[in-house]
Amino acid sequence: MIARVLENSIMAHLSSGKAIILIGPRQVGKTTLLGNLAQSIDKRVLMINCDEPDMRSMLQNKTSSELKALIGNHDVVIIDEAQRVKNIGISLKLIIEQIKNVQLIVSGSSVLELANEINEPLTGRKWEYILYPLSFQEMSSHTSLLEEKRLLANRMIYGMYPDVINHPGKEKEILKNLTDSYLYKDLFSFRDVRKPEVIEKILQALSLQIGSEVSYNEIADLVKSDPMTVTRYIDLLEKTMVVYRLPSFSRNLRNELKKSRKIYFYDNGVRNAIIANFQPLDLRKDAGALWENFIISERYKFTQYNSIWCNRFFWRTKQQQEIDYIEDRDGKLYAFEFKWKSTKNAKPSLTFTKAYPENEFSIITPDNYQSFLS
(Lines give C-alpha, C1' and ligand atoms only; values in the text may rest on other atoms or scores of the structure.)
Protein backbone atom coordinates (compact mmCIF):
# COMPACT_ATOMS: atom_id res chain seq x y z
CA MET A 1 0.00 0.00 0.00
CA ILE A 2 1.43 3.36 -1.03
CA ALA A 3 1.10 5.85 1.83
CA ARG A 4 -0.33 9.23 0.85
CA VAL A 5 1.08 12.44 2.32
CA LEU A 6 -2.41 13.83 2.95
CA GLU A 7 -3.34 11.00 5.31
CA ASN A 8 -1.28 12.51 8.14
CA SER A 9 -2.63 15.99 7.43
CA ILE A 10 -6.21 14.76 7.59
CA MET A 11 -5.59 12.75 10.76
CA ALA A 12 -4.19 15.89 12.41
CA HIS A 13 -7.50 17.72 11.86
CA LEU A 14 -9.83 15.05 13.19
CA SER A 15 -12.05 16.24 16.05
CA SER A 16 -11.54 19.85 14.95
CA GLY A 17 -15.27 20.51 14.76
CA LYS A 18 -15.02 21.11 11.01
CA ALA A 19 -15.77 18.90 8.03
CA ILE A 20 -12.80 17.50 6.11
CA ILE A 21 -13.29 17.76 2.35
CA LEU A 22 -11.13 15.73 -0.03
CA ILE A 23 -11.39 16.60 -3.70
CA GLY A 24 -9.44 15.68 -6.82
CA PRO A 25 -9.72 14.21 -10.30
CA ARG A 26 -11.02 10.72 -10.87
CA GLN A 27 -8.83 7.67 -10.28
CA VAL A 28 -6.20 9.37 -8.08
CA GLY A 29 -6.97 7.20 -5.05
CA LYS A 30 -9.51 9.13 -2.97
CA THR A 31 -11.60 6.06 -2.12
CA THR A 32 -8.48 4.10 -1.17
CA LEU A 33 -7.34 6.94 1.08
CA LEU A 34 -10.74 7.07 2.78
CA GLY A 35 -10.62 3.31 3.33
CA ASN A 36 -7.21 3.62 4.97
CA LEU A 37 -8.51 6.40 7.19
CA ALA A 38 -11.49 4.29 8.23
CA GLN A 39 -9.14 1.50 9.32
CA SER A 40 -6.75 3.88 11.10
CA ILE A 41 -9.37 5.75 13.14
CA ASP A 42 -10.00 4.05 16.46
CA LYS A 43 -13.65 5.11 16.58
CA ARG A 44 -16.99 3.97 15.25
CA VAL A 45 -16.97 4.79 11.54
CA LEU A 46 -19.90 4.94 9.12
CA MET A 47 -18.91 4.81 5.44
CA ILE A 48 -21.42 5.91 2.78
CA ASN A 49 -20.58 5.29 -0.88
CA CYS A 50 -22.69 7.63 -2.99
CA ASP A 51 -22.03 5.65 -6.15
CA GLU A 52 -24.78 3.39 -4.76
CA PRO A 53 -28.28 4.79 -5.51
CA ASP A 54 -29.75 3.70 -2.17
CA MET A 55 -26.88 5.38 -0.33
CA ARG A 56 -27.47 8.61 -2.24
CA SER A 57 -31.14 8.61 -1.30
CA MET A 58 -30.20 8.38 2.39
CA LEU A 59 -28.58 11.82 2.20
CA GLN A 60 -30.72 13.69 -0.30
CA ASN A 61 -33.13 16.32 1.01
CA LYS A 62 -33.23 14.86 4.53
CA THR A 63 -34.19 16.55 7.78
CA SER A 64 -31.79 16.73 10.72
CA SER A 65 -33.86 14.07 12.50
CA GLU A 66 -33.52 11.68 9.55
CA LEU A 67 -29.78 12.31 9.41
CA LYS A 68 -29.44 11.67 13.15
CA ALA A 69 -31.23 8.35 12.71
CA LEU A 70 -28.90 7.43 9.83
CA ILE A 71 -25.73 8.29 11.76
CA GLY A 72 -26.84 6.69 15.02
CA ASN A 73 -23.98 6.25 17.50
CA HIS A 74 -21.14 6.55 14.97
CA ASP A 75 -18.33 8.97 15.77
CA VAL A 76 -17.05 9.47 12.22
CA VAL A 77 -19.08 9.67 9.00
CA ILE A 78 -17.19 9.20 5.73
CA ILE A 79 -19.09 10.12 2.55
CA ASP A 80 -17.45 9.08 -0.72
CA GLU A 81 -18.39 10.55 -4.14
CA ALA A 82 -20.54 13.16 -2.42
CA GLN A 83 -20.99 15.22 -5.60
CA ARG A 84 -23.48 12.61 -6.78
CA VAL A 85 -25.99 13.73 -4.11
CA LYS A 86 -28.17 16.66 -5.08
CA ASN A 87 -28.00 19.53 -2.57
CA ILE A 88 -25.33 17.68 -0.61
CA GLY A 89 -24.10 20.94 0.93
CA ILE A 90 -27.33 21.40 2.87
CA SER A 91 -27.17 17.87 4.31
CA LEU A 92 -23.52 18.37 5.31
CA LYS A 93 -24.38 21.67 6.99
CA LEU A 94 -27.19 20.02 8.98
CA ILE A 95 -24.86 17.26 10.16
CA ILE A 96 -22.24 19.75 11.35
CA GLU A 97 -24.74 22.07 13.04
CA GLN A 98 -27.25 19.60 14.46
CA ILE A 99 -25.23 16.46 15.22
CA LYS A 100 -22.50 17.40 17.64
CA ASN A 101 -19.30 15.40 18.21
CA VAL A 102 -19.48 13.73 14.79
CA GLN A 103 -16.46 14.07 12.51
CA LEU A 104 -17.48 14.43 8.87
CA ILE A 105 -15.10 13.39 6.07
CA VAL A 106 -16.30 13.95 2.51
CA SER A 107 -14.77 13.18 -0.89
CA GLY A 108 -15.74 14.19 -4.39
CA SER A 109 -14.25 13.65 -7.81
CA SER A 110 -15.43 16.83 -9.47
CA VAL A 111 -14.09 20.16 -8.29
CA LEU A 112 -16.79 21.85 -10.35
CA GLU A 113 -19.79 20.13 -8.84
CA LEU A 114 -18.63 19.52 -5.29
CA ALA A 115 -17.10 22.98 -4.76
CA ASN A 116 -20.25 24.68 -6.01
CA GLU A 117 -22.42 22.54 -3.73
CA ILE A 118 -20.44 23.00 -0.51
CA ASN A 119 -18.65 26.35 -0.58
CA GLU A 120 -21.53 28.49 0.64
CA PRO A 121 -23.15 26.03 3.11
CA LEU A 122 -19.78 25.12 4.68
CA THR A 123 -18.06 28.52 4.73
CA GLY A 124 -15.79 28.52 7.78
CA ARG A 125 -16.80 24.96 8.63
CA LYS A 126 -14.36 22.89 6.58
CA TRP A 127 -10.77 21.88 5.98
CA GLU A 128 -10.26 21.28 2.27
CA TYR A 129 -7.58 19.08 0.70
CA ILE A 130 -6.78 18.20 -2.90
CA LEU A 131 -5.46 14.77 -3.82
CA TYR A 132 -3.34 14.54 -6.96
CA PRO A 133 -1.89 11.56 -8.80
CA LEU A 134 0.91 9.89 -6.85
CA SER A 135 3.90 12.14 -6.20
CA PHE A 136 7.64 11.65 -6.38
CA GLN A 137 7.73 12.27 -2.64
CA GLU A 138 5.21 9.49 -1.97
CA MET A 139 6.85 7.02 -4.33
CA SER A 140 10.33 7.71 -2.93
CA SER A 141 9.02 6.85 0.53
CA HIS A 142 7.33 3.72 -0.83
CA THR A 143 10.28 2.41 -2.85
CA SER A 144 13.45 4.49 -2.47
CA LEU A 145 15.09 7.56 -3.96
CA LEU A 146 17.40 5.31 -5.94
CA GLU A 147 14.53 3.27 -7.40
CA GLU A 148 12.57 6.37 -8.37
CA LYS A 149 15.61 7.83 -10.11
CA ARG A 150 15.95 4.57 -12.05
CA LEU A 151 12.27 4.81 -13.03
CA LEU A 152 12.40 8.49 -14.04
CA ALA A 153 12.04 7.82 -17.79
CA ASN A 154 9.03 5.56 -17.10
CA ARG A 155 7.36 8.22 -14.95
CA MET A 156 7.94 10.88 -17.60
CA ILE A 157 6.24 8.75 -20.24
CA TYR A 158 3.46 6.98 -18.31
CA GLY A 159 2.88 9.38 -15.43
CA MET A 160 1.89 8.82 -11.82
CA TYR A 161 -1.72 7.65 -11.67
CA PRO A 162 -2.02 4.86 -9.05
CA ASP A 163 -3.53 2.32 -11.44
CA VAL A 164 -0.71 2.93 -13.92
CA ILE A 165 2.00 2.47 -11.29
CA ASN A 166 0.35 -0.58 -9.74
CA HIS A 167 -0.01 -2.42 -13.08
CA PRO A 168 3.34 -2.33 -14.90
CA GLY A 169 3.05 -3.57 -18.45
CA LYS A 170 -0.54 -2.34 -18.82
CA GLU A 171 0.19 1.40 -18.77
CA LYS A 172 -1.05 2.17 -22.28
CA GLU A 173 -4.32 0.31 -21.84
CA ILE A 174 -5.01 1.97 -18.48
CA LEU A 175 -4.20 5.46 -19.73
CA LYS A 176 -6.35 5.01 -22.82
CA ASN A 177 -9.25 3.92 -20.64
CA LEU A 178 -8.63 6.81 -18.26
CA THR A 179 -8.60 9.47 -20.97
CA ASP A 180 -11.48 7.91 -22.91
CA SER A 181 -13.87 7.17 -20.05
CA TYR A 182 -13.04 8.69 -16.70
CA LEU A 183 -11.01 11.86 -16.76
CA TYR A 184 -13.53 14.11 -18.49
CA LYS A 185 -16.72 12.38 -17.34
CA ASP A 186 -17.72 15.19 -14.97
CA LEU A 187 -16.73 17.82 -17.50
CA PHE A 188 -18.73 16.37 -20.38
CA SER A 189 -21.84 16.19 -18.20
CA PHE A 190 -21.49 19.81 -17.17
CA ARG A 191 -24.42 21.86 -18.39
CA ASP A 192 -22.39 24.45 -20.32
CA VAL A 193 -20.31 21.99 -22.36
CA ARG A 194 -22.10 21.70 -25.69
CA LYS A 195 -19.21 20.55 -27.88
CA PRO A 196 -17.15 17.80 -26.24
CA GLU A 197 -15.22 17.27 -29.48
CA VAL A 198 -13.88 20.84 -29.19
CA ILE A 199 -12.47 20.05 -25.74
CA GLU A 200 -10.69 17.01 -27.15
CA LYS A 201 -9.15 19.13 -29.91
CA ILE A 202 -8.12 21.78 -27.38
CA LEU A 203 -6.40 19.12 -25.28
CA GLN A 204 -4.51 17.85 -28.31
CA ALA A 205 -3.38 21.39 -29.10
CA LEU A 206 -2.28 22.00 -25.52
CA SER A 207 -0.43 18.68 -25.47
CA LEU A 208 1.78 19.89 -28.29
CA GLN A 209 2.49 23.24 -26.63
CA ILE A 210 3.73 22.33 -23.14
CA GLY A 211 6.63 24.58 -22.22
CA SER A 212 5.53 27.21 -24.76
CA GLU A 213 3.35 30.26 -24.40
CA VAL A 214 -0.26 29.53 -25.24
CA SER A 215 -2.40 31.83 -27.37
CA TYR A 216 -6.14 31.29 -27.04
CA ASN A 217 -6.65 32.97 -30.41
CA GLU A 218 -4.27 30.53 -32.11
CA ILE A 219 -5.94 27.54 -30.46
CA ALA A 220 -9.34 28.85 -31.51
CA ASP A 221 -8.13 28.92 -35.12
CA LEU A 222 -6.73 25.39 -34.80
CA VAL A 223 -9.91 23.87 -33.37
CA LYS A 224 -12.28 25.94 -35.53
CA SER A 225 -13.89 27.66 -32.56
CA ASP A 226 -13.89 31.14 -31.01
CA PRO A 227 -11.51 32.50 -28.33
CA MET A 228 -14.27 32.90 -25.73
CA THR A 229 -15.23 29.22 -26.01
CA VAL A 230 -11.58 28.17 -25.83
CA THR A 231 -11.03 30.34 -22.75
CA ARG A 232 -14.09 28.90 -21.02
CA TYR A 233 -13.23 25.29 -21.83
CA ILE A 234 -9.63 25.67 -20.66
CA ASP A 235 -10.96 27.18 -17.43
CA LEU A 236 -13.18 24.09 -16.99
CA LEU A 237 -10.25 21.79 -17.74
CA GLU A 238 -8.29 23.57 -15.04
CA LYS A 239 -11.12 23.31 -12.51
CA THR A 240 -11.45 19.58 -13.19
CA MET A 241 -7.67 19.30 -12.68
CA VAL A 242 -6.63 18.07 -16.09
CA VAL A 243 -4.39 21.07 -16.79
CA TYR A 244 -3.21 24.16 -14.93
CA ARG A 245 -2.00 27.58 -16.02
CA LEU A 246 1.32 29.20 -15.20
CA PRO A 247 1.10 32.99 -15.65
CA SER A 248 3.95 35.28 -16.68
CA PHE A 249 5.84 37.28 -14.06
CA SER A 250 6.18 41.03 -14.51
CA ARG A 251 7.01 43.89 -12.16
CA ASN A 252 9.72 46.18 -13.43
CA LEU A 253 10.53 45.97 -17.12
CA ARG A 254 8.61 47.34 -20.08
CA ASN A 255 9.65 44.47 -22.31
CA GLU A 256 8.44 41.73 -19.95
CA LEU A 257 5.51 39.66 -21.19
CA LYS A 258 2.65 40.64 -18.92
CA LYS A 259 -0.41 38.67 -20.01
CA SER A 260 1.06 35.46 -21.33
CA ARG A 261 0.57 32.00 -19.92
CA LYS A 262 1.89 28.48 -20.22
CA ILE A 263 -0.36 25.48 -19.68
CA TYR A 264 0.83 22.19 -18.21
CA PHE A 265 -0.81 18.84 -17.57
CA TYR A 266 -1.10 17.48 -14.04
CA ASP A 267 0.14 14.14 -15.36
CA ASN A 268 2.58 13.24 -18.14
CA GLY A 269 0.83 9.97 -18.88
CA VAL A 270 -2.45 11.74 -19.59
CA ARG A 271 -0.68 14.16 -21.89
CA ASN A 272 1.03 11.35 -23.81
CA ALA A 273 -2.22 9.36 -24.04
CA ILE A 274 -3.98 12.36 -25.61
CA ILE A 275 -1.43 12.46 -28.46
CA ALA A 276 -1.01 8.63 -28.46
CA ASN A 277 2.76 8.83 -28.12
CA PHE A 278 4.52 6.51 -25.66
CA GLN A 279 7.84 6.33 -27.46
CA PRO A 280 11.01 5.97 -25.33
CA LEU A 281 12.69 9.24 -24.44
CA ASP A 282 15.73 8.66 -26.65
CA LEU A 283 13.44 8.50 -29.72
CA ARG A 284 11.44 11.63 -28.87
CA LYS A 285 11.84 15.24 -29.88
CA ASP A 286 9.82 16.44 -26.89
CA ALA A 287 11.95 14.99 -24.05
CA GLY A 288 12.81 18.47 -22.78
CA ALA A 289 9.14 19.49 -22.73
CA LEU A 290 8.20 16.25 -20.93
CA TRP A 291 10.90 16.94 -18.34
CA GLU A 292 9.57 20.47 -17.79
CA ASN A 293 5.97 19.25 -17.43
CA PHE A 294 6.98 16.46 -15.06
CA ILE A 295 9.18 18.55 -12.80
CA ILE A 296 6.79 21.51 -12.52
CA SER A 297 3.81 19.22 -11.82
CA GLU A 298 5.74 17.31 -9.17
CA ARG A 299 6.87 20.57 -7.58
CA TYR A 300 3.23 21.71 -7.58
CA LYS A 301 2.23 18.59 -5.62
CA PHE A 302 5.15 18.99 -3.23
CA THR A 303 4.40 22.61 -2.34
CA GLN A 304 0.68 21.88 -1.92
CA TYR A 305 1.17 18.82 0.28
CA ASN A 306 3.86 20.43 2.43
CA SER A 307 2.16 23.82 2.92
CA ILE A 308 4.82 25.81 1.05
CA TRP A 309 2.78 28.90 0.23
CA CYS A 310 3.94 30.57 -2.96
CA ASN A 311 2.83 32.18 -6.18
CA ARG A 312 4.11 30.49 -9.35
CA PHE A 313 5.18 32.09 -12.62
CA PHE A 314 7.43 31.87 -15.64
CA TRP A 315 9.35 34.90 -16.94
CA ARG A 316 10.07 35.96 -20.50
CA THR A 317 10.86 39.17 -22.37
CA LYS A 318 9.97 40.17 -25.90
CA GLN A 319 13.62 39.40 -26.77
CA GLN A 320 13.03 35.76 -25.66
CA GLN A 321 15.09 35.95 -22.48
CA GLU A 322 13.42 33.58 -20.06
CA ILE A 323 13.25 31.76 -16.75
CA ASP A 324 11.31 28.48 -16.77
CA TYR A 325 9.77 28.72 -13.32
CA ILE A 326 9.63 31.23 -10.46
CA GLU A 327 8.25 30.91 -6.96
CA ASP A 328 7.42 34.08 -5.05
CA ARG A 329 7.63 33.12 -1.37
CA ASP A 330 7.24 35.75 1.33
CA GLY A 331 8.36 38.46 -1.05
CA LYS A 332 11.51 36.65 -2.23
CA LEU A 333 11.94 35.19 -5.72
CA TYR A 334 13.26 31.69 -6.31
CA ALA A 335 14.09 31.14 -9.98
CA PHE A 336 14.61 27.75 -11.64
CA GLU A 337 15.74 26.50 -15.03
CA PHE A 338 14.94 22.91 -15.99
CA LYS A 339 17.51 21.14 -18.15
CA TRP A 340 16.95 17.59 -19.35
CA LYS A 341 20.60 17.41 -20.35
CA SER A 342 22.98 18.88 -17.79
CA THR A 343 24.48 22.26 -18.68
CA LYS A 344 27.39 23.11 -16.41
CA ASN A 345 27.73 26.73 -17.48
CA ALA A 346 24.04 27.71 -17.54
CA LYS A 347 23.41 31.06 -15.87
CA PRO A 348 20.32 33.16 -15.21
CA SER A 349 19.43 35.96 -17.59
CA LEU A 350 21.49 39.06 -16.80
CA THR A 351 18.38 41.17 -17.48
CA PHE A 352 16.43 39.23 -14.86
CA THR A 353 19.28 39.39 -12.32
CA LYS A 354 19.63 43.15 -12.69
CA ALA A 355 15.88 43.73 -12.43
CA TYR A 356 15.44 41.38 -9.46
CA PRO A 357 18.76 41.16 -7.61
CA GLU A 358 17.23 39.58 -4.49
CA ASN A 359 16.62 36.16 -6.02
CA GLU A 360 17.97 32.65 -5.70
CA PHE A 361 18.67 30.80 -8.94
CA SER A 362 18.96 27.03 -9.42
CA ILE A 363 19.28 24.65 -12.34
CA ILE A 364 17.27 21.45 -11.94
CA THR A 365 18.47 18.39 -13.88
CA PRO A 366 17.97 14.62 -13.65
CA ASP A 367 21.12 14.61 -11.48
CA ASN A 368 19.76 16.81 -8.69
CA TYR A 369 15.96 16.95 -8.98
CA GLN A 370 15.26 14.80 -5.93
CA SER A 371 16.17 17.68 -3.58
CA PHE A 372 13.62 19.85 -5.42
CA LEU A 373 10.79 17.36 -4.86
CA SER A 374 11.36 15.83 -1.45
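Note that the structure is a prediction, hence the values are computed from the model and not measured.

Where do I start with the pairing of strand 9 (residues 322-329) in this structure?
Regular strands show a simple pattern: their side chains alternate between the two faces of the sheet. Across the eight residues that make up strand 9, a large majority, seven, are buried. Across five bridges, the pairing between strand 8 (residues 311-316) and strand 9 is antiparallel. For Arg312, the partnering residue across the bridge sits in strand 9 and is Glu327. In sequence, strand 8 turns back onto strand 9 through a hairpin of five residues, with Gln320 there showing a positive phi of about 70°. Direction of pairing for strand 9 relative to strand 10 (residues 332-338): antiparallel, over a ladder of five bridges.

I keep staring at the packing of helix 13 (residues 196-207) against helix 14 (residues 216-223) and nothing clicks. Help me out?
Think of two packed helices as two axes; the pair is described by the angle between the axes and how far apart they sit. Following both chains from N to C, one finds helix 13 and helix 14 inclined at 125°, their axes separated by 10 Å at the closest point. Considered as vectors, helix 13 and helix 14 are oriented oblique to each other. Helix-helix and strand crossings are classified by hand; for helix 13 and helix 14 the assignment is right-handed. Where helix 13 approaches helix 14, its residues Val198, Lys201, Ile202, Ala205 and Leu206 are matched on the opposing element by Ile219, Leu222 and Val223. Counted by class, the contact of helix 13 with helix 14 contains seven nonpolar, no polar and one charged residues.

Whenever I open this one, the sheet that holds strand 8 confuses me. Can you help?
Pairing between the strands of a sheet comes from backbone hydrogen bonds, and it takes one of two forms, parallel or antiparallel. Spatially, the four strands line up as an open sheet ordered 8-9-10-11, and their pairing is mixed. Edge positions in the open sheet fall to strand 8 and strand 11 (359-364), since each of these has one partner strand only. Strand after strand, the sheet turns through a mean of 25° between neighbouring axes, direction not considered. Each of strand 8, strand 9, strand 10 and strand 11 touches helix 17 (residues 287-305); the most contacted strand, strand 9, lies at about 0° to it.

Please explain helix 15 (residues 227-239) as it appears in this structure.
Two residues of an α-helix separated by three or four positions point the same way, owing to the 3.6 residues in each turn. The terminal C-alpha atoms of helix 15, which comprises 13 residues, lie 18 Å apart, in line with the 18 Å expected from a rise of 1.5 Å per residue. When we look at burial in helix 15, the residues that qualify are Thr229, Val230, Tyr233, Ile234, Leu236 and Leu237. End-on view of helix 15: buried residues confined to an arc of 155°, all on one side of the axis. A distance of 3.2 Å separates the backbone nitrogen of Met228 from a side-chain oxygen at the start of helix 15, and that oxygen is part of Asp226. Just downstream of helix 15 lies Met241, where phi reads positive at about 65°.

Honestly, the pattern of salt bridges in this entry has me stumped. Any pointers?
Any two side chains of opposite charge can pair if their charged atoms end up close together. Under the defined criterion, the tally for this structure stands at 21 salt bridges. A salt bridge links Glu298 to Lys301; the nearest nitrogen and oxygen atoms lie 2.6 Å apart. Linking Glu298 with Lys301, this pair stays in helix 17, spanning three residues, or about one helical turn. Note on accessibility: Glu298 and Lys301 belong to one class, buried. Through salt bridges that share partners, Asp235, Glu238, Lys239 and Arg245 make up one connected network.

Hey, could you run me through the layout of surface pockets in this one?
Here the largest pocket is characterised by a volume of approximately 460 Å³. What lines the largest pocket is a set of 21 residues, among which Val28, Gly29, Lys30, Thr31 and Thr32 lie closest to the centre. In terms of residue class, the lining of the largest pocket is built from six nonpolar, seven polar and eight charged. If you add up the space inside the second largest pocket, you get close to 290 Å³. Residue lining of the second largest pocket: Leu6, Ser9, His13, Trp127, Glu128, Tyr129, Ile130, Tyr132, Gln304, Tyr305, Ser307 and Trp309, and that is the complete set. Sorting the residues of the lining of the second largest pocket by element identifies helix 1 (5-12), strand 5 (126-130) and helix 17 as the ones contributing at least two each.

Looking at this model, I keep getting lost on the packing of aromatic side chains. Mind explaining?
A full pass over the atoms with the stated rule returns 20 aromatic pairs. Judged by centre distance (5.2 Å) and plane angle (70°), the ring pair of Phe249 and Phe313 falls under edge-to-face. Highlighted residues: Phe249 in the loop between strand 6 (243-247) and strand 7 (261-265) and Phe313 in strand 8, separated in sequence by 64 residues. Take Phe249 and Phe313: they sit in the same class, and that class is buried. Three or more aromatic residues joined by ring pairs form one cluster here, namely Tyr132, Tyr244, Tyr264, Tyr266, Tyr300 and Tyr305. The ring of Trp127 carries the charged tip of Lys18 above its face, separated from the ring centre by 4.8 Å.

About the criteria used
Residues numbered from 1 in each chain as written. Predicted model: local features only at pLDDT ≥ 70, side-chain atom pairs only at ≥ 80, totals over all residues. Heavy atoms only, no water. Buried < 20%, exposed > 50% of the residue type's maximum accessible area, 1.4 Å probe, protein only. Helix = DSSP H or I, 4+ residues; strand = E, 2+ residues; numbered from the N terminus. Pairing = 2+ DSSP bridges. Axes fitted to C-alpha atoms, helices over the stretch in contact; angles between N-to-C directions. Parallel < 35°, antiparallel > 145°, perpendicular 65-115°, else oblique. Left-handed = near helix turned anticlockwise from the far one by under 90°. Contact = heavy atoms within 4.5 Å. Nonpolar A, V, L, I, M, F, W, Y, C, P; charged D, E, K, R; others polar. Expected span 1.5 Å × (residues − 1). Arc of directions from axis to C-beta. Polar contact = N/O pair within 3.5 Å; in protein donor to acceptor, adjacent residues only side chain to side chain. Salt bridge = Lys/Arg side-chain N within 4 Å of Asp/Glu carboxyl O. 1 Å grid on protein atoms, 1.4 Å probe; cavity = no way out; pocket = protein on both sides within 12 Å on 5 of 7 lines; lining within 4 Å. Points joined across faces, edges and corners; volume = space filled by probe spheres on them. Phe/Tyr/Trp six-rings, centres within 6.5 Å; stacked < 30°, edge-to-face > 60°. Lys NZ or Arg CZ within 6 Å of the ring centre and 35° of its normal.

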